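# A structural walkthrough
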Amino acid sequence: DLRNASLNVEALASSILVSNQLETINLDGTPLPVKQLKGDHAVSELSFASCGPRSVVLICELASVNSSLRSLDLHGAQFDADSCNAVVKAARASHLEHLTVEDFALPIQALNGSLAVSTLNFRHSKLGYPSVLVIGELISTNSTLARLDLSYNSLGPNGGAAL
């Protein structure tokens, strides 16, 4: 349990990647299954409902190198600037097909252009700032997307600026 420890989560993730013994780690109240996150025990879906920002960073760092993980659900997690950046990095670098940051599973392949779509409708999807950061980053290299509907979401001024 590392809830009160001061640590560099990215450096911790690098150490965990080379560890063969560690099975779980607890950074802020949520035990994380290390072997599943790393891909040592292949799973296609993982869900973490109420983890803190440091756990989100670690989850995303490990998920970025996990080739079996297709769906990651972080609905209910707490986000700060570092965890938002980690989510964007994981969405860009991983094999994920779906990433749930708030109440909606973002279709990663449609957003990044590896699945060609011309329209994405996210109207009334309960999206907020963390989701918009992922969307903004992924559509920046998408050459097929012509229409994106984000109406009736709680993007706020920071969300609008992120796009």
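I will try to describe carefully the structure that is included in this document. (Residues numbered from 1 in each chain as written. Predicted model: local features only at pLDDT ≥ 70, side-chain atom pairs only at ≥ 80, totals over all residues. Heavy atoms only, no water.)

## Considerations on the side chain of Glu-102
Definition in use: By the criteria applied, helices consist of DSSP H or I runs no shorter than four residues and strands consist of E runs no shorter than two, each listed in order from the N terminus. Accessibility here uses a 1.4 Å probe with only protein chains present; expressed as a share of the type maximum, an area under 20% marks a residue as buried, one over 50% as exposed, and anything in between as partly exposed. The charged-residue count follows a simple rule in which Lys and Arg add positive charge and Asp and Glu add negative charge, with His and chain termini not counted at all. Put simply, a salt bridge is a Lys or Arg side-chain nitrogen that is within 4 Å of an Asp or Glu carboxyl oxygen. Within 3.5 Å is the distance limit for a polar contact, defined as a pair of N or O atoms, with the added protein rule that one can donate a hydrogen and the other accept it, and that residues adjacent in sequence qualify only through two side-chain atoms.
Topologically, Glu-102 is positioned in the loop between β5 (98–100) and β6 (105–107). Although Glu-102 is buried, it forms no salt bridge, and the closest oppositely charged side chain is Lys-126 at an N-O distance of 11 Å. Within polar-contact distance, the side chain of Glu-102 engages the backbone nitrogen of Gly-128 at 2.9 Å. Within the structure, Glu-102 has its side chain in polar contact with the side chain of Ser-131 (distance 2.4 Å).

## Points about the sheet that holds strand β4 (residues 71–73)
Here is the rule: By this definition, two strands are paired if DSSP reports at least two bridges between them. To define axes, lines are fitted to C-alpha atoms, for helices over the stretch in contact only, and angles between the resulting N-to-C directions are given on a 0 to 180 degree scale.
Read across the open sheet, the 4 strands follow the order β3-β4-β5-β6; overall the sheet is mixed. Of all strands in the sheet, those with a lone pairing partner are β3 (45–47) and β6, marking the two edges. Averaged over neighbouring strand pairs, the angle between their axes works out to 15 degrees when direction is ignored.

## Digging into the environment of Cys-60
Inclusion rule: Should any heavy atoms of two residues lie within 4.5 Å, those residues are counted as being in contact.
Mapping Cys-60 onto the fold places it in helix α3 (residues 53–63). Sequence-wise, Cys-60 and Thr-24 are 36 residues apart; in three dimensions their C-alpha atoms are separated by 15 Å. Other than its neighbours up to four places away in sequence, Cys-60 contacts Leu-74, Ala-86, Val-87 and Ala-90.

## Focus: the pattern of salt bridges
When the charged atoms of two side chains with opposite charge come close together, those side chains can pair. All told, the structure shown has 6 salt bridges when counted by the stated rule. The partner of Arg-123 in a salt bridge is Asp-149, and the shortest N-O contact between them spans 2.7 Å. Of this pair, Arg-123 sits in the loop between β7 (119–121) and α6 (129–139) while Asp-149 sits in strand β8 (residues 147–149); the two residues are 26 residues apart in sequence, bridging distant segments of the chain. What makes Arg-123 partly exposed here is its relative accessible area of 40%.

## Description of the packing of α3 against helix α4 (residues 81–93)
For clarity, the threshold we go by: With respect to orientation, any angle under 35 degrees is reported as roughly parallel, any angle over 145 as roughly antiparallel, any angle of 65 to 115 as roughly perpendicular, and every other angle as oblique. Helix crossings are classified by the rotation of the near helix relative to the far one: an anticlockwise turn of less than a right angle makes the crossing left-handed, while a clockwise turn makes it right-handed. Throughout, the ten residues Ala, Val, Leu, Ile, Met, Phe, Trp, Tyr, Cys and Pro are labelled nonpolar, Asp, Glu, Lys and Arg are labelled charged, and all others, Gly among them, are labelled polar.
Orientation of α3 relative to α4, taken along the N-to-C sense of each, is 20 degrees, at an axis distance of 8 Å. The orientation of α3 with respect to α4, classified from their angle, is roughly parallel. Read as a crossing pair, α3 and α4 show a hand that is left-handed. Of the residues in α4, those in contact with Pro-53, Val-56, Val-57, Cys-60 and Glu-61 of α3 are Asp-82, Ser-83, Ala-86, Val-87, Lys-89 and Ala-90. When the residues that make up the contact of α3 with α4 are grouped by side-chain class, the tally is 7 nonpolar, 1 polar and 3 charged.

## As for the packing of α4 against α6
Relative orientation of the contacting elements α4 and α6 amounts to 40 degrees, with a least axis distance of 9 Å. In terms of orientation, α4 lies oblique with respect to α6. Note that α4 runs across α6; the crossing there is right-handed. Two secondary-structure elements touch here, α4 through Cys-84, Val-87, Val-88, Ala-91 and Arg-92 and α6 through Pro-130, Leu-133, Val-134, Glu-137 and Leu-138. Of the residues in the contact of α4 with α6, the class split is 8 nonpolar, no polar and 2 charged.

## Points about α4
As a reminder, the rule being used: A helix's residues, less one, multiplied by 1.5 Å, set its expected span.
Taking 1.5 Å as the rise per residue, α4 with 13 residues should run 18 Å; its terminal C-alpha atoms sit 18 Å apart, in good agreement. For α4, every residue scored as buried is listed here: Ser-83, Cys-84, Ala-86, Val-87, Val-88, Ala-90 and Ala-91. Elements in contact with the buried residues of α4: α3, β5, α5 (108–112) and α6.

Honestly, that's just the spatial picture; any functional story needs more than this.
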